[in-house]
Amino acid sequence: MRIKIQHEIRGRIRFATPKKSLTVEEADMLQYYLGTLENVVSAKVYERTGHAVVCYSGSRKEVIKGLTAFSFENQELQELVPENTGRELMNVYKEKLIAKLAVHYLCKLFLPAPLAVAKAAVQSLHFMKEGLQCLKRRKLEVPVLDAAAIGVSLLRGDISTAGSVMLLLSVGEILEEWTHKKSVADLARSMSLQVEKVWVKQGEAEILMDAGEVKEHDVICVHMGNMIPLDGIVVGGEAMVNQASLTGEGIPVKKEEGAYVYAGTAVEEGELLIQVKASAGGTRYEKIVSMIEESEKLKSSLEGKAAHVADRLVPLSFLGTMATYALTRNVTKALSILMVDFSCALKLSMPIAVLSAMRECQDYQITVKGGKFLEAVAEAETVVFDKTGTFTKAEPTVAEVIPFGGRSRDEMLRLAACLEEHFPHSIANAVVAQAQKEGLAHEEMHTKVDYVVAHGISSKVNEQQVLIGSHHFIFEDEKCRIPEGEEENFRNLPIGYSLLYLAISGELAAVLCIEDPLREEAREIVAALKETGIRKVVMMTGDSAGTAAAIAQKTGVDAFYAEVLPEDKASFVEQEKAEGRKVIMVGDGINDSPALSAANAGIAVSGGAQLAREIADITISGEDLYQLVTLKRISNSLMKRIHRNYRFVIGFNMGLIALGLGGILAPGTSALLHNLSTLGISLESMTNTLDKKKE
């Protein structure tokens with residue numbers, strides 16, 4: 001592509017494309033491409049002019065080379081561009097806002113007085129209708145107050161005041177709808193399904209394929225703990241499916257042969273064979289948008305409180321108006337109170353503040369599924385961490401494989417990888433990756449694979465039972481034995497590692513030593529969280545006491561618990577809640593799911609198990625634990641903003657009433673100042689709570 005540089009300073013280039021304007025699709029394509037360039041720090045595309053701006057670091061020559069390599073005809077690039085980027089939505093609401101303001105002021109300047117009266121009367125019908133509907137329901141709420149203020153202004157012949165009130169109410173509605181839809185769209189995009197690999201049934205074998213290669217009518221296998229990647233009909237198996245992401249149901253639903261299952265739901269127990277009925281992607285995005293819009297999870301208790309307080313203030317406004325007229329017999333003073341509506345700013349700014357905070361979280365790769373979870377994070381005093389994949393890196397490695405019973409080390413690693421690849425978790429991924437690194441092909445050689453939550457995996461190979469899992473699972477639950485004469489070797493297993501035990505026919509066959517490096521930021525994260533208001537940080541893990549103690553000492557947690565089961569984690573969370581503390585649970589595995597559900601705010605690391613991400617209320621990318629600190633700071637700032645909004649709305653509007661009673665402000669001026677303050681506080685609520693320069 002030939003470009004023309006319009007303006008340039010060091011580290012920033014504004015350039016024009018060959019097109020005078022771009023379609024939404026072309027603008028999204030260019031935006032996506034610019035984001036993939038190595039030296040580009042940020043980029044913005046202006047579709048109306050066909051221009052773009054890039055900020056870069058490093059070589060200018062490399063950036064120019066990248067820009068000129070772009071082509072709008074690149075089919076492969078077109079397929080990579082995400083759908084529903086939000087650009088079209090933004091354009092629609094920008095145009096609505098501009099059109100509303102332009103029409104109002106053009107009519108004010110050029111429309112003859114009789115037509116202006118007629119226009120105002122027609123416009124008022126919408127507000128009058130809403131007010132009457134409230135009265136029909138025997139409720140004295142905000143629409144009644146709006147209708148009364150507009151109606152009285154029209155009856156007094158004050159067309160200018162009535163028009164200004166209606167304009168500001170309309171602009172407020174557009175801004176609220178725009179912010180709400182944008183926040184919902186951002187949230188839905190982040191929750192949209194991104195499944196890369198799918199197990200496809202071919203004869204008696206299961207083949208791992210790219211999701212994009214799966215066709216309609218193919219049969220896929222979904223094991224326990226995994227997400228269903230595509231819509232389809234169950235043709236085999238039986239499972240309990242968690243559909244909360246689509247339906248909001250908290251209780252898993254039983255699915256058996258003949259049942260329809262949806263992409264994005266997760267298998268909690270059992271496994272399913274599914275005949276595909278929708279291609280990759282499907283209607284996942286639209287389903288999520290619908291779920292979010294209908295879900296009460298979007299509402300925090302403060303939003304509900306704002307709406308409740310707002311409606312309770314309406315009768316007081318009417319009483320104040322009548323009392324003022326009764327005492328002063330001054331219509332102007334009475335109307336100045338009617339024009340001031342406490343509730344308008346409260347009802348408008350609170351949801352906008354919450355949704356904007358959710359949108360801001362997206363900028364830091366934090367997905368929050370509802371406003372009430374931000375409130376829970378702000379109020380939380382206790383944080384419970386799982387160890388593996390949270391405090392430690394999500395990329396553990398196999399440090400050593402120790403065979404027992406005279407078995408081959410390579411064969412034991414091959415067998416372990418064959419079982420573990422069905423249930424992806426950070427440790428399972430490490431085993432599979434090590435086998436691949438050593439070139440040990442692990443073709444399917446087992447029968448049905450069963451996963452026992454927080455314990456291990458069971459299957460049969462050559463008619464022999466094969467088990468892999470924790471010490472508790474192998475030796476206490478399954479009563480496996482150590483090969484005769486090798487007790488000393490077992491007692492001298494390396495310390496400081498997470499140990500994975502492999503047993504064949506009731507006898508220990510190998511021990512895999514997993515090295516799970518501590519995250520660099522894990523040493524400082526506890527202190528950083530405490531600076532934001534957290535009082536107690538706890539680590540809970542299924543690992544041995546020795547491994548847990550070593551990690552606890554390095555991180556400085558207040559308490560740690562080793563060799564715990566999923567129900568133990570959930571019980572601890574419930575106990576903390578019973579003692580009056582709000583709890584955050586941070587985990588990444590299937591075994592963390594009960595605790596994630598029990599916590600006031602469950603936070604999953606995105607690199608972990610799909611079921612954990614599905615159940616969790618909040619998801620972080622997992623690249624950096626400081627995202628938790630950022631989340632807490634955004635939540636704290638949101639609560640401060642909401643309380644500040646309350647104080648401002650009450651104080652400012654009381655001031656307007658006082659000035660109106662004193663005859664200093666006319667009704668029209670009161671209405672204008674009130675509506676401008678409402679608009680101002682709403683716009684301020686749309687801004688980020690954190691200063692990115694300080695990040």
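The text that follows walks through the structure, step by step, so that each part is easy to find. (Residues numbered from 1 in each chain as written. Predicted model: local features only at pLDDT ≥ 70, side-chain atom pairs only at ≥ 80, totals over all residues. Heavy atoms only, no water.)

**Looking at the overall build of the protein chain**
Thinking step 1. Across its full length, the protein chain carries 25 helices and 24 strands.
Thinking step 2. Looking at the protein chain as a whole, 51% of its 695 residues are labelled buried.
Thinking step 3. Put simply, of all contacts in the protein chain between residues at least 6 apart along the chain, 68% involve residues at least 24 apart.
Thinking step 4. Here the protein chain has roughly 32,300 Å² of accessible surface; of this, 54% comes from carbon and sulfur atoms. (Helix = DSSP H or I, 4+ residues; strand = E, 2+ residues; numbered from the N terminus. Buried < 20%, exposed > 50% of the residue type's maximum accessible area, 1.4 Å probe, protein only. Contact = heavy atoms within 4.5 Å. Areas by Shrake-Rupley, 256 points an atom, 1.4 Å probe, with all protein chains shown as cover.)

**Some details on the pairing of strand 11 (residues 266–276)**
Thinking step 1. Across 4 bridges, the pairing between strand 7 (residues 219–222) and strand 11 is antiparallel. The residue bridging Val-222 from the neighbouring strand is Leu-272, located in strand 11.
Thinking step 2. Pairing geometry for strand 8 (residues 232–242) and strand 11, over 10 bridges, is antiparallel. Bridge assignment links Met-240 to a residue of strand 11, and that residue is Glu-269. (Pairing = 2+ DSSP bridges.)

**Brief notes about the sheet that holds strand 22 (residues 583–587)**
Thinking step 1. Taking strand neighbours across the sheet as the criterion, the 7 strands line up as 12-24-23-22-13-20-21 in an open arrangement whose pairing is mixed. Of all strands in the sheet, those bounded by a partner on one side alone are strand 12 (366–368) and strand 21 (559–561). Taken over all neighbouring pairs, the strand axes of this sheet differ in orientation by 20 degrees on average, direction set aside.
Thinking step 2. Set on the sheet, helix 13 (residues 371–379) makes contact with strand 12, strand 22, strand 23 (601–605) and strand 24 (618–620); between it and strand 23 the angle comes to about 100 degrees.
Thinking step 3. Across the sheet, helix 21 (residues 566–578) is in contact with strand 13 (382–386), strand 20 (536–540), strand 21 and strand 22; its angle to strand 20 comes to roughly 165 degrees. (Axes fitted to C-alpha atoms, helices over the stretch in contact; angles between N-to-C directions.)

**Notes on the environment of Pro-566**
Thinking step 1. Structurally, the position occupied by Pro-566 is in helix 21.
Thinking step 2. C-alpha of Pro-566 to C-alpha of Thr-541: the two residues are 25 residues apart in sequence and 9.2 Å apart in space.

**Quick word on the side chain of Thr-555**
Thinking step 1. Considering the arrangement of structural elements, one finds Thr-555 in helix 20 (residues 545–555).
Thinking step 2. On the basis of relative accessibility, which here comes to 4%, the residue Thr-555 falls in the buried class.
Thinking step 3. A distance of 3.0 Å separates a polar side-chain atom of Thr-555 from the backbone oxygen of Ile-551.
Thinking step 4. At 3.3 Å, the side chain of Thr-555 and the backbone oxygen of Ala-552 are in polar contact.
Thinking step 5. Discounting chain neighbours no more than four positions away, the residues touching Thr-555 are Phe-391, Leu-518, Ala-522, Arg-523 and Val-526. (Polar contact = N/O pair within 3.5 Å; in protein donor to acceptor, adjacent residues only side chain to side chain.)

**Things to note about a negative patch on the surface**
Thinking step 1. On the surface, Glu-476, Asp-477, Glu-478 and Glu-563 cluster together to form a negatively charged patch.
Thinking step 2. Within the fold, Glu-476 resides in helix 17 (residues 471–477).
Thinking step 3. Using a relative accessible area of 43% as the deciding quantity, one classes Glu-476 as partly exposed. (Patch = residues over 30% accessible without salt bridge, like charges linked within 9 Å, V, L, I, M, F, W, Y side chains within 5 Å. Salt bridge = Lys/Arg side-chain N within 4 Å of Asp/Glu carboxyl O. Lys, Arg positive; Asp, Glu negative; His and termini not counted. Charge placed at Lys NZ, Arg CZ, Asp CG, Glu CD.)

**Details of the nonpolar core**
Thinking step 1. Among the nonpolar cores identified, the biggest contains 53 residues, and Val-368, Phe-391, Ile-584, Ile-618 and Leu-631 are the most heavily contacted of them.
Thinking step 2. Top contributing element to this core by residue count: helix 24 (residues 626–661), with 9 residues.
Thinking step 3. Once residues lying within four places of it in the same chain are set aside, the contact partners of Ile-618 are Ile-366, Thr-367, Val-368, Phe-373, Val-377, Ala-601, Gly-602, Ile-603, Ala-604 and Leu-631.
Thinking step 4. If you look at the next biggest cluster of nonpolar residues, it comprises 24 residues, including Ala-417, Ala-435, Ile-457 and Ile-468. (Core = buried A, V, L, I, M, F, W, Y, C linked by side-chain atoms within 4.5 Å.)

**Section: the packing of aromatic side chains**
Thinking step 1. Summed over the entire model, instances satisfying the criterion amount to 10 aromatic pairs.
Thinking step 2. Relative to Phe-70, the ring of Tyr-33 lies with its centre 5.1 Å away and its plane at 45 degrees, an arrangement referred to as tilted. Of this pair, Tyr-33 sits in helix 1 (residues 24–36) while Phe-70 is found in the loop between helix 2 (60–68) and helix 3 (75–80), placing the two residues 37 residues apart along the sequence. As far as the burial class goes, Tyr-33 and Phe-70 line up, both buried. (Phe/Tyr/Trp six-rings, centres within 6.5 Å; stacked < 30°, edge-to-face > 60°.)

**Some remarks on the pairing of strand 2 (residues 12–16)**
Thinking step 1. Both strand 1 (residues 4–9) and strand 2 contribute to a ladder of 5 bridges, which runs antiparallel. Pairing of Ile-9 across the sheet is with Arg-12, part of strand 2.
Thinking step 2. Adjacent in sequence and paired antiparallel, strand 1 and strand 2 are bridged by 2 residues, among which Gly-11 carries a positive phi angle near 85 degrees.
Thinking step 3. With 5 bridges connecting them, strand 2 and strand 4 (residues 51–56) associate as antiparallel partners. Counterpart to Ala-16 in the pairing with strand 4 is His-51.

**Section: the sheet that holds strand 4**
Thinking step 1. Taken in spatial order, the 4 strands make up an open sheet running 1-2-4-3, and their pairing is antiparallel. Only two strands of the sheet have a single neighbouring strand rather than two, namely strand 1 and strand 3 (40–46). For this sheet, the mean inter-axis angle between neighbouring strands, taken without regard to orientation, is 15 degrees.

**Focus: helix 13**
Thinking step 1. The buried fraction of helix 13 is high, at 7 of 9 residues.
Thinking step 2. Inspection of helix 13 places Gly-371, Phe-373, Leu-374, Glu-375, Ala-376, Val-377 and Ala-378 among the buried residues, and these make up the whole buried set.

**Quick word on unusual backbone geometry**
Thinking step 1. Phi angles above zero are rare outside glycine, and Arg-138 is one such case at about 60 degrees.
Thinking step 2. Inspection of the secondary structure puts Arg-138 in the loop between helix 5 (113–136) and helix 6 (142–155).

**Quick word on the packing of helix 11 (residues 331–338) against helix 24**
Thinking step 1. Packing of helix 11 against helix 24 leaves a shortest axis separation of 8 Å and a crossing angle of 175 degrees. As far as their axial angle goes, helix 24 and helix 11 are roughly antiparallel. Listed contacts from helix 24 to Lys-333, Ser-336 and Ile-337 of helix 11 are Ile-657, Gly-660 and Leu-661.
Thinking step 2. Class assignment of the residues belonging to the contact of helix 11 with helix 24 gives a composition of 3 nonpolar, 2 polar and 1 charged. (Parallel < 35°, antiparallel > 145°, perpendicular 65-115°, else oblique. Nonpolar A, V, L, I, M, F, W, Y, C, P; charged D, E, K, R; others polar.)

**Some remarks on the pattern of salt bridges**
Thinking step 1. All told, the structure shown has 24 salt bridges when counted by the stated rule.
Thinking step 2. A salt bridge links Glu-579 to Arg-581, with the nearest nitrogen and oxygen atoms 2.2 Å apart.
Thinking step 3. The class for Arg-581 is partly exposed, based on a relative accessible area of 23%.
Thinking step 4. Look at the salt bridges and you will find they share partners, linking Lys-536, Glu-576, Glu-579 and Arg-581 into a network.

**A few points about a nonpolar patch on the surface**
Thinking step 1. A cluster of nonpolar residues, Leu-106, Leu-109 and Phe-110, forms a patch on the protein surface that exposes about 380 Å² of accessible area.
Thinking step 2. Its place among the elements puts Phe-110 in helix 4 (residues 87–110).
Thinking step 3. Taking relative accessible area as the criterion, Phe-110 reaches 64% and is therefore assigned exposed.

**Quick look at helix 6**
Thinking step 1. Over its 14 residues, helix 6 extends 20 Å from the first C-alpha to the last, a length consistent with the 20 Å expected when each residue adds 1.5 Å.
Thinking step 2. If you check which residues of helix 6 are buried, you get Val-142, Val-144, Leu-145, Asp-146, Ala-147, Ala-149, Ile-150, Gly-151 and Ser-153.
Thinking step 3. Gly-157 sits one or two residues past helix 6 and shows a positive phi near 80 degrees. (Expected span 1.5 Å × (residues − 1).)

The values reported here are purely geometric and, on their own, carry no functional implication.
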